Amino acid sequence: MSERQLPARPNLEHLKNQAKLLLREALAGDKSALSRFSHGGVTTQPKLADALHVLAREYGFDTWPALKLHVELGSEDPAEALSAAIRSNKAELVRQVLSRHPSLRQTINEPLKGYDFGTPPLLAATWNQSREVAEVLLEFGADVNVRSQWWAGSFGVLDSANPELAEYLIQRGATVDIHAAARLGKIERVRELLEADPKLVHARGGDGQLPLHFAATVEIAMLLLESGAEIDARDIDHESTAAQYMACTRQMYSWREPYRHDVVRYLLSRGAAPDILMASAIGELALVERLLNENPDAVHVTVSDRDFPKQNPHSGGTIYMYSFGNSKSPHVIAHEFGHKNVFDLLMQRSEPWLRLLQAAEIGDMSLVQQIQKTTPLAKLSERAARRIVGVALRNNTSALKTLLQCGWPATATMENNQTALHFASWHGNVEAVEALLQRGATVNIFEMEFGGSPLAWALHGSLNSWERDKGDYPAVVRALLAAGAAIPKPKGPLEASEEVLAMLKKEGL
C-alpha cells in the first residue's frame, strides 16, 4: 500500500480517531479494512494497538510511537513539543524544539507537561541519566539547582543522577546538599555540612526523606546517627524508615546499583525496628527466627495497607508497595532474593494452607504435590481464603489455577468486597477469568471502593489497566456476560476499548 501524506499540521487526536474508525470497520467485517491489517502483518482479531500500527505504517513510520513522537515534536504548543523531546531522550531533538520555540527559555524550569511529580526538564533528563540532554538544557538556561514540585518534598538533580552524571552536574554548579552528599557517598561533605549546621541531620528532602534515608554507606549512616539522626524516623510520602527503604530500593534508584543491605544490617545493630519483610529480604535467618518466636502471626504479614497502615490517607503507602510489590509475602520475598534458608524457615513455621499458597506462588509444583500428599488441606478460614485475591492482583495465572485446583474458593472476598474475579477481569486475563467462573466465582458482586462489578472492572481496565496491551478484554467481557453478568448502566456513554465496544455492538448489547 502506498504511503499516505500527513497534513501540514497533524493532530494526534484526529489520527487516533482514524485508527479507531479503521478498527471498528475491521471488527464489523469490512473487507477493505481487514486487508489493511493483513498488509500490516496482523492475522488474528485486530486490536486498537494494531490499528495504530497500521496507520503509522501507512504514513511512513515504523511504529505508532514514532508517528506520535513526530506529531508531538511538531506541535505548535511549545510545552507539548518539549515534553515529547525530553521523553525521547535524544539531545538533538531537544535542541531542535528549544531552537524552534524561543519562548521555552522563559519556562524551562517549570514542570513538564504530562509528567508526574511536578518534574522540570533537567530533572527528567537526570532520571534518564542523559548527560547530553542535560548539556542542551543547561545551554538554554536551565537552572542546575531546579527542583521538582512535590507535596511531600522536592527532588533535585543529584537525587537521581548516576555518579558520573552527578560529577558533571556538580562541575556545572549543582549544590551538594546533605541528601545528595549522603546518597553519593561524600562523607566529608556530610561532615562539613553538619559542622556548619547540626540541624541538617533532620532536614527533609525528596518525598520527605531524611539524610539517613539517603545514606549510601555504613560510614555515612554511622556519622548521621552520631550527629543525632532518629534511626526510625519516617519519610512523609511513604511513611517508611531508612532501613525499610534500604531493604527494598536500590541505592541510586537504578537497577544497576546494589541494594544497601549492609547498611540495613548496621542500622539493625544500632536498634532500628525490624519487620519480617525486611529481615526476609536481607536474608537474616536469626532475625527472622526471632521475629517469628516473638510473634508467630508475623508469618502472615504481606505488603498491604492492613499490615502497614497509612497515618496520612493522602500518602503513597509503604515503600514496600513500590518495590517488593503489592501483597507480597515474606516467603516470596526471601525466595526472590535467593535466601533459601529463610524461605525454608518461613515454610516450617507456616500452616499447611500457607505452605501450599507459597509453593504455588513461586511455581514449585513438586512442592505443591508434596504438601498435598503429606497434609490434606483443611477447610480454609476467611483469612486464608482471601489470599487468592492477592494472587489475582499480581496476575499470577499459574498460581491462581493451582490454588483453585487445591480447593481455594473462587468466591473469596477482601474486606472491601473485592474478589479475584475483579482483578482477573481488570487485567483482561481470560484464562484466569474462565478458571474462576468454572469454580463458581460470583459474577454480579460489587466492591465497596468504586462500586464496580467484575464486568465494570473489565470495561474500565480495557482502557486503563497496566496490563491492557496484553489482555483479551473482548473475551473476558464475553465470558462474564455468558456467566450472567449485568451490563453497567452509566449516566453517559459506556466507556470501554474500541474492541470491547465493537463486540458488544455485534452482540446487540
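Caption draft 1: Layout of the overall build of the protein chain. Along its length, the protein chain carries 30 helices and zero strands. On the principal axes, the C-alpha backbone points of the protein chain span a range of 75 × 70 × 40 Å. Buried positions account for 51% of the 509 residues belonging to the protein chain. In the protein chain, which carries 53 positive and 61 negative side-chain charges, the distance between the mean positions of the two groups comes to 4 Å.

Caption draft 2: Focus on the nonpolar core. If you look at the biggest cluster of nonpolar residues, it comprises 147 residues, and the most contacted ones within it are Leu137, Leu169, Leu224 and Leu267. Setting aside anything within four residues of it in sequence, one finds Leu267 in contact with Leu212, Ala221, Leu225, Ile231, Ala242, Ala243, Met246 and Ala272. Leu12, Leu23, Leu27 and Ala51 belong to the second largest nonpolar core, which has 20 residues in total.

Caption draft 3: Molecular detail of the packing of helix 8 (residues 131-139) against helix 9 (residues 163-171). Taken N-terminus to C-terminus, the directions of helix 8 and helix 9 make an angle of 15°; their axes are 11 Å apart at the nearest point. Overall, the two elements helix 8 and helix 9 adopt an arrangement that is roughly parallel. Of the two elements, helix 8 crosses helix 9, and the hand of that crossing is right-handed. For the pair helix 8 and helix 9, contact is made by Arg131, Glu135 and Leu138 and by Leu165, Tyr168 and Leu169, respectively. Its residues assigned to classes, the contact of helix 8 with helix 9 comprises four nonpolar, no polar and two charged.

Caption draft 4: Layout of the environment of Leu292. On the secondary structure map, Leu292 appears in helix 17 (residues 285-294). Accessibility expressed as a relative area gives 1% for Leu292, which makes it buried. Taking the C-alpha atoms as reference points, Leu292 and Arg349, separated by 57 residues in sequence, lie 7.9 Å from one another. If sequence neighbours within four positions are ignored, Leu292 has contacts with Ile276, Ala298, Val299, Leu345, Leu346 and Arg349.

Caption draft 5: Seen up close, the packing of aromatic side chains. Taken as a whole and assessed by the stated rule, the structure comprises 10 aromatic pairs. Ring centres of Tyr320 and Phe324 lie 4.8 Å apart, and the angle between their planes is 35°; on these two criteria the pair is classed as tilted. Centre to centre, the rings of Trp426 and Trp466 are 5.7 Å apart; their planes meet at 65°, and the pair counts as edge-to-face. In this pair, Trp426 sits in helix 26 (residues 420-426) while Trp466 sits in the loop between helix 28 (454-464) and helix 29 (473-482), placing the two residues 40 residues apart along the sequence. For Trp426, a relative accessible area of 12% translates into the label buried. Through pairs of rings, three or more aromatic residues link up here, namely Tyr259, Phe308, Tyr320, Phe324 and Phe337.

Caption draft 6: Inspection of the pattern of salt bridges at higher detail. If you walk through the whole model with that rule in mind, you get 23 salt bridges. Glu294 serves as the salt-bridge partner of Arg290, at 3.2 Å between the closest nitrogen and oxygen. A residue pair is termed a helical-turn pair when its members lie 3 or 4 positions apart in one helix, as Arg290 and Glu294 do in helix 17 at four residues. Looking at Arg290, the relative accessible area reads 42%, which means it is partly exposed. On the basis of relative accessible area, Glu294 is assigned to the exposed category, the value being 55%. Its salt-bridge partner being Asp297, residue Arg383 comes within 2.9 Å of it at the nearest N-O pair. With Arg383 in helix 23 (residues 382-385) and Asp297 in the loop between helix 17 and helix 18 (320-323), this pair connects stretches of sequence that are 86 residues apart. Overall, Arg383 belongs to the partly exposed group, its relative accessible area being 41%. Here the salt bridges share partners, and the residues they tie into one network are Arg4, Arg36 and Glu58.

Rules used throughout
- Throughout this description, residue numbers start from 1 for each chain and increase along the sequence as written.
- Only residues with pLDDT of at least 70 get local features here, since the model is predicted, and only at 80 or more are side-chain atom pairs given and counted; chain-wide, interface and lining totals rely on the full set of residues.
- Neither water nor hydrogens contribute to the side-chain values; these are computed over all heavy atoms in the structure.
- We count a stretch as a helix when DSSP gives it H or I for four or more residues in a row; a strand needs E for two or more, and each element gets its number in order from the N terminus.
- Throughout this description, buried means an accessible area under 20% of the type-specific maximum (1.4 Å probe, protein chains only), exposed means over 50%, and partly exposed covers the range between.
- The convention is simple: Lys and Arg are positive, Asp and Glu are negative, and His and the chain ends are not counted.
- Every charge is mapped to an atom, namely NZ of Lys, CZ of Arg, CG of Asp or CD of Glu.
- Definition of nonpolar core: a set of buried residues of the types Ala, Val, Leu, Ile, Met, Phe, Trp, Tyr and Cys, connected through side-chain atoms within 4.5 Å.
- Residues are treated as being in contact if the distance between any of their heavy atoms lies within 4.5 Å.
- Here, axes are lines fitted to C-alpha atoms. For helices the fit covers the stretch in contact, and angles between N-to-C directions go from 0 to 180 degrees.
- In what follows, roughly perpendicular refers to angles from 65 to 115 degrees, roughly parallel to angles under 35, roughly antiparallel to angles over 145, and oblique to any angle outside these ranges.
- Note: crossing handedness is left-handed where the near helix turns anticlockwise from the far helix by less than a right angle, and right-handed where it turns clockwise.
- Residue type decides the class: Asp, Glu, Lys and Arg count as charged, Ala, Val, Leu, Ile, Met, Phe, Trp, Tyr, Cys and Pro as nonpolar, and the leftover types, Gly among them, as polar.
- What counts as a ring pair is set by centres within 6.5 Å for rings of Phe, Tyr and Trp (its six-membered ring), and what kind of pair is set by the plane angle: stacked under 30 degrees, edge-to-face over 60, tilted for all other angles.
- Salt bridges are defined by distance alone: a side-chain nitrogen of Lys or Arg within 4 Å of a carboxyl oxygen of Asp or Glu.

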